[in-house]
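Coordinate inspection notes
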Amino acid sequence: MFIDAILQSKGVVVHTLPHTGRLADAVAVLNHHNIGAVVITGADDAVVGILSERDIVRRLDKDPAGALELPIASVMTRNVATCTRDTTIAEVMELMTNLRVRHMPVVEKGELIGIISIGDVVKRKIEEAEFEAAALREYIAS
């Protein structure tokens with residue numbers, strides 16, 4: 001099973017912010033859309049980073065009074081792990097686990113086409129296991 005299956009079921013809406021924004025802007029987007037991460041873009045809408053709730057909390061711990069005025073670029077994670085729609089769900093699950101990330105942008109030919117979360121991946125794996133179990137039950141019953 002491939003990441004494309006997740007994108008087809010959940011859609012391809014991705015919330016982004018420019019790297020020049022403030023951390024307060026990112027907090028507002030996360031809260032407004034009830035999401036855990038926002039993709040940060042640079043010139044030509046290229047992915048230059050990702051900002052998660054975890055990044056924000058770590059910065060708040062260091063500078064609670066001034067953190068919200070900081071530029072997003074100073075807080076975001078710069079080395080963003082990405083995948084394509086043709087990446088297998090198993091590969092993404094392993095990569096997310098090894099890197100300890102919960103969100104992964106889907107990028108093809110330099111263009112952001114979606115984002116997946118570890119919740120999306122786990123949900124799809126459960127659906128896959130349930131489908132296989134039902135097929136086995138049907139096979140045994142016939």
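What you are looking at is a predicted structure, and each value in this text was computed from that prediction instead of being measured.

Let us look at the UniProt feature "domain: CBS" (unreviewed entry) in the chain. The positions UniProt marks with the feature "domain: CBS" (unreviewed entry) are residues 8-68 and 76-131. The span residues 8-68 shows a helical share of 39% and a strand share of 23%, and its end C-alpha atoms are spaced 35 Å apart. Between the first and last C-alpha atoms of residues 76-131 the distance is 38 Å; the span itself is 45% helix and 23% strand.

This brings us to the sheet that holds strand β1 (residues 16-18). Judged by pairing direction, the sheet is mixed, and its 3 strands sit side by side in the order β1-β2-β3 without closing on themselves. Each edge of the open sheet carries a strand with a single partner, namely β1 and β3 (47-52). Averaged over all pairs of adjacent strands, the angle between their axes in this sheet comes to 35°, without regard to strand direction. Note: strand β2 (residues 37-41) against β3, 5 bridges, orientation antiparallel. Its bridge partner being in β3, V39 is matched across the sheet by I50. The sheet contacts of helix α2 (residues 23-33) involve β1, β2 and β3, and relative to β2 the element is tilted by about 135°.

Considering all chains together, one arrives at 6 salt bridges under this definition. Residues R85 and E108 are paired through a salt bridge, measuring 3.1 Å at the closest nitrogen-oxygen approach. Placement of the pair is R85 in the loop between α3 (53-62) and α4 (89-99) and E108 in strand β4 (residues 103-108), with a sequence separation of 23 residues. Classification of E108 by relative accessible area gives partly exposed; the value is 23%. One connected set of salt bridges, linked through shared partners, spans D4, R85 and E108.

Below, the discussion takes up the packing of α2 against α3. Contact geometry of α2 with α3 gives a least axis separation of 11 Å together with a crossing angle of 135°. On the basis of the axis angle, α2 is oblique to α3. By crossing handedness, the relation of α2 to α3 is classed as left-handed. In contact with L23, V27 and L30 of α2, α3 contributes E53, I56 and R59. The residue inventory of the contact of α2 with α3, partitioned by class, reads 4 nonpolar, no polar and 2 charged.

Calculation criteria
Residues numbered from 1 in each chain as written. Predicted model: local features only at pLDDT ≥ 70, side-chain atom pairs only at ≥ 80, totals over all residues. Heavy atoms only, no water. UniProt positions renumbered as here; feature names shortened; annotations may be inferred. Helix = DSSP H or I, 4+ residues; strand = E, 2+ residues; numbered from the N terminus. Pairing = 2+ DSSP bridges. Axes fitted to C-alpha atoms, helices over the stretch in contact; angles between N-to-C directions. Contact = heavy atoms within 4.5 Å. Salt bridge = Lys/Arg side-chain N within 4 Å of Asp/Glu carboxyl O. Buried < 20%, exposed > 50% of the residue type's maximum accessible area, 1.4 Å probe, protein only. Parallel < 35°, antiparallel > 145°, perpendicular 65-115°, else oblique. Left-handed = near helix turned anticlockwise from the far one by under 90°. Nonpolar A, V, L, I, M, F, W, Y, C, P; charged D, E, K, R; others polar.

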